[in-house]
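# Chain and residue survey
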Amino acid sequence: MNQSAKLFSRARAVIPGGVNSPVRAFKNVDGDPFFVQSAKGAYITDADGRQLIDYIGTWGPAILGHAPTPVLNAVHAAVDRGLSYGTPTPIEVDMAEMIVKLVPSVEKVRMVSSGTEATMSAIRLARGYTGRKLIIKFIGCYHGHVDSLLVAAGSGALTFGEPDSAGVPREMTNLTLTLPFNDKSAIDQAFARHGDDIAAVILEPFPANAGLYFPKDDFLYYLRDITKRYGALLIFDEVMTGFRVSEGGVQKVFNITPDLTCMGKVIGGGLPVGAFGGKAEIMDYLSPLGPVYQAGTLSGNPVAMAAGLAQLNELLSQNAYEKLESLGAQLEDGIKSVLKKFNKPYTFHRAGSMFCLFFTDKEVYDLASAQQANLTEFKAFFWNMLAQGVYFAPSPYETGFISLAHSSTDIEKTIQAVHHSFAQL
């Protein structure tokens, strides 16, 4: 029995399922997880000493690669000053100013400790600001494990959702409308029927928790228009895309201004961080200025702020997004060439350094189309890639991430591994 197997056996005795987050359990690929001992640059090393080219990047935050020197130096300096104070610190102001500078829609921001906390707080703020109850979310968009957002689709586009998890009472989801992504007619009907009661529409502008797919035509502008017309707020969940597809997120790429934005991952530099921000008029509804209560003992933790600020400064100090685009294009061109050679008309999506290979030749634009993928082939592909030292996500419904630490040689090795994997399928 190798070290990972021993660790997993120990973990299952004391941790539910042996993991502290479900996707780590490898259930989607019918196997057991390996345990990571360390990580540096584009590589992770497991408990048995095996090195892997990593395309998970701790699910997005490691945009510079693992353990980048500027971030480690900032963390070490912050730790020497103390771990947490429970009072305001200068670096919280520095981070807030940086976010306001980079994210077009954000005039004020509040730091929290996770992406889930950010979306939960944004929803509460939207309801408090508008005085309305209903929320629209889209099937396939994941906004953390908030009760009212863990919602599966009802039997029709205009039905209220059903709880997507045990322990969530149906009453908690009766205020959430779930609609298909990219479906304007469903949104029209929802607002026609419930417009005066809808507090907000929340979405991932690039849904990245069901693979990676994109808004069609002018879908985002359409949402901006209809929410304005009905007095509802538009909330962009850019926890994954923020500071990843560009320094200002999807909203900067599309030149669109949501009312509120949720952030996380990259701004934590690998430490637990979230944030939500938006127009000053809305944000000032938060306590202590306004009636919407939100608090957190570790919000704005100085060590996490130091890590995130160092990472953002490093991204801005070099042509980071141009380099990431170049690496992403190299990977995309290589994988598409392999697919063509083996006559596999599968779907490859990419936005900068984010990517997903869907094992389907159908267009993917929502959860239903993503679920057409061939899971049997995906599982075989995953294990074959892992055997060659390349770690892709252990689920067909997750996004891959490239970092600045990946070299052109790493990308080429990955393309060669993809070639070998398809030769074995």
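In this report, we go over the structure that sits alongside the text. In this text, all values refer to a predicted model and were calculated from it rather than measured experimentally.

### Digging into the sheet that holds strand β1 (residues 36-40)
Sheet strands pair by backbone hydrogen bonding; their relative direction is either parallel or antiparallel. Read from one edge to the other, the open sheet built from 4 strands follows the order β1-β2-β3-β15, with strand pairing classed as mixed. Since the sheet does not close on itself, it has two edges, and those belong to β1 and β15 (390-391), each with one partner. The pairing of strand β3 (residues 51-54) with β15 spans 2 bridges and is parallel. Across the sheet, the residue bridging to Asp54 is Tyr391, located in β15. Where helix α14 (residues 408-424) meets the sheet, it contacts β2 (43-46), β3 and β15, and its direction lies at approximately 100 degrees from that of β3.

### Quick word on the pattern of salt bridges
One side chain can pair with another of opposite charge once the charged atoms of both are near each other. For the structure shown, the criterion picks out 13 salt bridges. Between Asp259 and Lys279 there is a salt bridge; the shortest N-O distance is 2.9 Å. Linking Asp259 in the loop between α8 (249-254) and β11 (260-264) with Lys279 in the loop between β12 (274-278) and α9 (280-283), this pair joins segments that are 20 residues apart in sequence. Classification of Asp259 by relative accessible area gives buried; the value is 4%.

### Here's the deal with helix α7 (residues 219-230)
The end-to-end C-alpha distance of α7, which contains 12 residues, comes to 17 Å, matching closely the 16 Å that a straight helix rising 1.5 Å per residue would cover. Listing the buried residues of α7 in full gives Phe219, Leu220, Tyr222, Leu223, Arg224, Ile226 and Thr227. Looking at the buried positions of α7, the neighbouring elements they touch are β5 (134-139), α6 (184-194), β9 (198-203), β10 (233-237) and α8. Positioned one or two residues after α7, Gly231 has a phi angle of 75 degrees, which is positive.

### A word on the environment of Ser38
Within the secondary structure, Ser38 is located in strand β1. Taking C-alpha positions, Ser38 is 21 Å from Val273, a pair spaced 235 residues apart along the chain.

### Notes on the sheet that holds strand β16 (residues 400-401)
As summarised here, the arrangement of the 3 strands in space is β13-β14-β16, forming an open sheet in which the pairing is antiparallel. Taken across any chain shown, the strands that pair with only one partner, and hence form the sheet edges, are β13 (347-351) and β16.

### As for the layout of surface pockets
Looking at the second largest pocket, its volume works out to about 700 Å³. Lining the second largest pocket are 30 residues, with Glu92, Val109, Arg110, Met111 and Ser299 positioned closest to its centre. At the level of elements, α3 (90-102) and β4 (108-112) are the ones that each hand at least two residues to the lining of the second largest pocket. No other element matches the 5 residues that α3 contributes to the lining of the second largest pocket.

Reading the values: rules and limits
Residues numbered from 1 in each chain as written. Predicted model: local features only at pLDDT ≥ 70, side-chain atom pairs only at ≥ 80, totals over all residues. Heavy atoms only, no water. Pairing = 2+ DSSP bridges. Helix = DSSP H or I, 4+ residues; strand = E, 2+ residues; numbered from the N terminus. Contact = heavy atoms within 4.5 Å. Axes fitted to C-alpha atoms, helices over the stretch in contact; angles between N-to-C directions. Salt bridge = Lys/Arg side-chain N within 4 Å of Asp/Glu carboxyl O. Buried < 20%, exposed > 50% of the residue type's maximum accessible area, 1.4 Å probe, protein only. Expected span 1.5 Å × (residues − 1). 1 Å grid on protein atoms, 1.4 Å probe; cavity = no way out; pocket = protein on both sides within 12 Å on 5 of 7 lines; lining within 4 Å. Points joined across faces, edges and corners; volume = space filled by probe spheres on them.

Remember that the coordinates give geometry; whether it matters functionally is a separate question.
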